[in-house]
Each structure stands twice: as C-alpha cells, then as structure tokens.
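Survey of secondary and tertiary structure
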Amino acid sequence: MTKYLFLFLLLITVSQTTEAQNCNSICNGDFEDSIVVPGPNLILIDSTEMPCWKTTASNGIFEVWGTGFQNVPSYSGQQFVELNAQFVSTLYQNITANPGSLINIAFAHRGRWGLDSLSVSVGPVGGPYVTLGTFGDDSSAWGYYTLNYALPNVGTNFSLRFNSVYAAGGNPTVGNFLDDVSVTTSCIVIEDTCFSDVTKFTMADSLGFVAFQWSFDDPSSGPLNNAFDASVSHLFTAPGLYNVQLIRVFNFAPYSDTATYKVNINPSPVVNIGNDTTICSGQTIILQCTNVGTYIWQNGSTNFFINVNTTGTYTVTVTTLAGCAGTDSISVLVQPCSTTVANLAASDTSFCEKQCIDFFDLSTNGPSSWLWTFTGASPSTSTDQNPTGICYNNYGSFDVQLIACNSFGCDTALFPSFITEVVTPSPPTISQSGDSLICNATNVTYAWYNVNNPTTILGTNYFFVPSIAGQYYVVVVDSIGCDVSSSIYNSNVGMNENLDGNIQVLVNQNENTISINCENSMSQIFVVKLYDGIGREVSKIENTSNTKSLKLQMPNQAGTYILSIETNNKIYRSKILVGK
C-alpha cells in the first residue's frame, strides 16, 4: 500500500488529471443542452428540440422551466423539466450498457402544487420494464435519490423511464419536476445510503489502477474522510447530499482520472405510535403511523394503522421511498374497568318565581370527582357531589352539565333547558253574571272554594253557580304548574231555581232523558247543558232548528246536577236529581 501511495503522489504531480471516462451513461441529464429558457420563465418545445430525451405525450411536447420561475429554483444548472407538460406522461432515454452490468441511477424530483410522485423503471428497449420504486416529494424542496440496479443479460440497449404516477390537485397537466439525472456504470456501486448504515463503495473493475484516493465530503468524520483502497466503506456523520470524489491512478497515460458521485444519505424515519397505555376490556384503540412509506406490523399487516383490543406489544417498521427503515413499539394492557356514566337529578326543574334548588349526582360506576355547570345560576359551577342552594335569579330556561370522573375516565351529561323558571301569573278576578260567578283567567285550570270549607273543590269550570250565598274564591293553575288565588268574592245570591213560567222541565227516569218544553215566546233557546256537582259539563244539546222542545240524555251516574238553559238574552239554571 505504501508503494502505491508513493506512486500516486508522484504521478499526480507530473500528469494531467481527467474526468473519469464512460461513467455517466445518460445524455443531457441536466436538461441544459436544449433551447435555453430566457430567465425565470417556461417554454414548450417539440421533442425534436430536446436532445436525447423522448416523451410518451401524444403531442411530443416538453415543458422546460427556467430557474426561479414561480419561485422554484433548479436543483442543478439553469433549467429543469415537468413530466406532466400537457398530459400524464413518461420521459425516457435509451442508454447503452453492457448486459449484466451494475448501474447507479440518480435524479432530483419535486412536486409542483403539493405531493407529486413518479416511478422509475428500467428494461430492454421495448420492454419489459422493471419498476425500481415510486418516489414522492411536495412543493417545498427537491428530493434527491440514488438507485442501484443490475441490468439483465439481454443485449446492450436499455431504456430508463420516469413515469408520472400522481399529481397533487388532480390536474393531469400539472406536476412532477425532474432534474439532474445521471446513470453511472462500470465505475462504482454504492450501497446502503440510509443514515446510521455503513455506506459501501465498490469498484466494478479495479484492473490497471495502482492507487486510489476517496474523499467523502464529510469533514466531521476527521481522518476517516479519506480512504485509499479500491472498495471502501464510510459511516457518514449526518444525513444530506455529499459529493464523493474518487481519484484513480493508472499505470499508463493519462495516468489518473477524477470522478465525483452525488450520494444522498437519507434520514431514517422517526416512527412514533404512542406511549404504552392501558385500555378497558371491550374497548378498541387505533395505532397508526403518520410517516410516508410502506408499513409492516408484527402481525403482518401492511396498513398504516391497526385496531388493538388485546394485551400485547405491537411493533411497526416503516420503510421510506428511499429504502430507509424506522421502528417503534408500544405495549397495550387490557384490563376490566368501568368508566363512570354521568347522570343527575334536581329537587325541582320547573318553578315559578326566583328560588334556590338542590342537585343530586346519579352517576354510576363509582365517580370520584365532579364538575357541575349551572348556566344562569349562582353559583354557576360546583365540584360537590350533591350541590345545594343553587339559585336562579332570572326567568327563562337553563342548561345543566355534569362531568363525572373515576380512575378509568370521565363522562359528560348535558341536559339542555333542564331548568325552567317562569313568572307567577297575575291573580284572577271574579265577576258575577246573574247567579253565576265568572273567572276572567284563560288557558288555566280552575278550582272554586268556599272560605268555610277550603279543602273541598266546589267547581272546576271558569264559572261557578253557588247554591247558597257566601264567600267564594278561585285558584287557577297555568301549564307550568304555577298557581295563584283570586281575592274573596261575597256572593249574596245562590242559584235561581225558579224557571220561567214558559219553560217546563220533565225528568223521565224510564227513558233516561230530560225534556225541556217552552211556549212560543221562549222558542229562542240556544243551548242546554248539564253540569255535575263540581261544575264539569256532562251533557249538552243545541237548538239548531228553533224548535219548542228539546230532549237531553241523562248521565249514568246518580246524583244532583245543574241544568243550564241559555237563550239569547238570559241563562236559566235549576237543580236536577238523577236517581238510578
């Protein structure tokens, strides 16, 4: 080795250094040999004006961008191309290489409006073609990729193809920028380009060389930044793009050459599927990856997520488009448990006027903490299990919410408009019409009382006919249940049991009817009604044909009833005794 190194140092001082021959098999890989784009702009050119490259687009058009157009810089040189010029297309170039030889393919790719992807395929001209991978990049930066492939032993003419797979936004005329394409053969094979891997550089043919010098463009590696064998390995100190240089010394003129290889050391994905966790029996959690790439879980699944409901350790390995892998694991413990179920009740939910009420926790499965929210009340929150003295000082409907928790989790119960507070209705007034007491309140229920017997309801209609003179009042209840009493009304007359002499009432127990007959002067009877002892209407008939006689069906229940005969200008009432 010392002899070769001495010879190398000697020859490098006396001979010219030339670029390595026959390493790059691609032509016009930087797309710089066509018509030059004037500044930051784009042009459309025919395939006849694009040296070496062809397109599958039916119109044969190439779209060439100048660096900086729409703020997109070239990866290399002054211009680059877009695969999707006006169609979803494949750009390809035919190359010549020895059958069975190892080739290294490198290229730069970038999305235009978002995440675009292309695939790379190689094969004999006319096919079949082998797809070497699919590569995706967004519009924020260029991605640079290197691939190794052993050509099949079939002829010497091969086709390298870049195929549009997907363009963000779904527009077939937009997507997939391509730049800096190279295909190196017969020089070196580069393997293991993921960060933390030892990258191998192997010369395909080292015959005729007496010395070598590798420079890895990695000064942080110190003395290891250089190596002096035909085939070497290097552990790069960080991910990134490196310009690896190889100087070879021949034992014949031109004595040495220099080759530079762009090597992209790809970062391994940082995979995180979460921290170890415990779930309850019967529950299922979803473990998922957010990394872009392919996935393999310990159970063989290749989805980006799996559903888990049993105890175990779950592992996923993610492989990026560049072939770099990362792994993460999570332990899941499944155990019996019951999360609390929140529920509540209140001492009252609908009430009149402002008042304070109490609440009760009805949650199940042993809650240990509570958070109440009382909209519109004072206090508005509480952490007590059973809050008391919650005061509502405004009229309206109000929500109540309870969050109850135990060691296994929390549950929320929301009761919309659970509390309703209304204004107590105004006290009704009583007026007298003939022998009837009339209440002026509407849309309420009625209960008539005598002050001498306040526990007995005398009637439940809006009017009441006292049987004797006395002091009476009425209590009305609205739809919410709010009740209010009228003032006491002094009635000096009872029911007038003397019917007009022109009206005759006959009770026929055999026919179970009540007949009402009148003279001509009283033929204007409109309505006949029968009320029970508490003022409920039990029977009714209308004189729609202006006849002199009406017949009313008697009730089935024996007792004392009030017969009401209404004319156009007077109401006659009388007691009727019904026996069975």
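A brief look at the structure comes next. (Residues numbered from 1 in each chain as written. Predicted model: local features only at pLDDT ≥ 70, side-chain atom pairs only at ≥ 80, totals over all residues. Heavy atoms only, no water.)

This part is about the sheet that holds strand E34 (residues 396–406). Read from one edge to the other, the open sheet built from 5 strands follows the order E27-E35-E34-E30-E32, with strand pairing classed as mixed. Strand pairing shows two members of the sheet lacking a second neighbour, strand E27 (350–352) and strand E32 (381–382), which therefore form its edges. (Pairing = 2+ DSSP bridges. Helix = DSSP H or I, 4+ residues; strand = E, 2+ residues; numbered from the N terminus.)

What follows concerns the state of the cysteines. This structure, assessed with the given rule, holds 5 disulfides. Each disulfide pairs two cysteine sulfurs, and for Cys194 the partner residue is Cys324, the sulfurs being separated by 2.1 Å. Measuring the twist about the S-S bond at about -100°, one finds the Cys194-Cys324 disulfide to be left-handed. Of the two residues, Cys194 is situated in the loop between strand E13 (188–191) and strand E14 (199–203) and Cys324 in the loop between strand E24 (312–319) and strand E25 (325–335); the sequence distance between them amounts to 130 residues. Residue classification places Cys194 among the buried residues on the basis of a relative accessible area of 8%. Look at Cys324 and you get buried, because its relative accessible area is 0%. Between the sulfur atoms of Cys352 and its disulfide partner Cys482 the distance amounts to 1.3 Å. (Disulfide = S-S within 2.5 Å. Buried < 20%, exposed > 50% of the residue type's maximum accessible area, 1.4 Å probe, protein only.)

Glancing now at the sheet that holds strand E33 (residues 390–392). Adjacent strands of a sheet pair through backbone hydrogen bonds, lying either parallel or antiparallel. Here we have 3 strands laid out as an open sheet, ordered E28-E33-E31, and antiparallel in their pairing. Each edge of the open sheet is held by one strand with a lone partner, namely strand E28 (355–357) and strand E31 (377–378). With 3 bridges connecting them, E28 and E33 associate as antiparallel partners. Within E33, the residue paired with Gln355 across the bridge is Tyr392.

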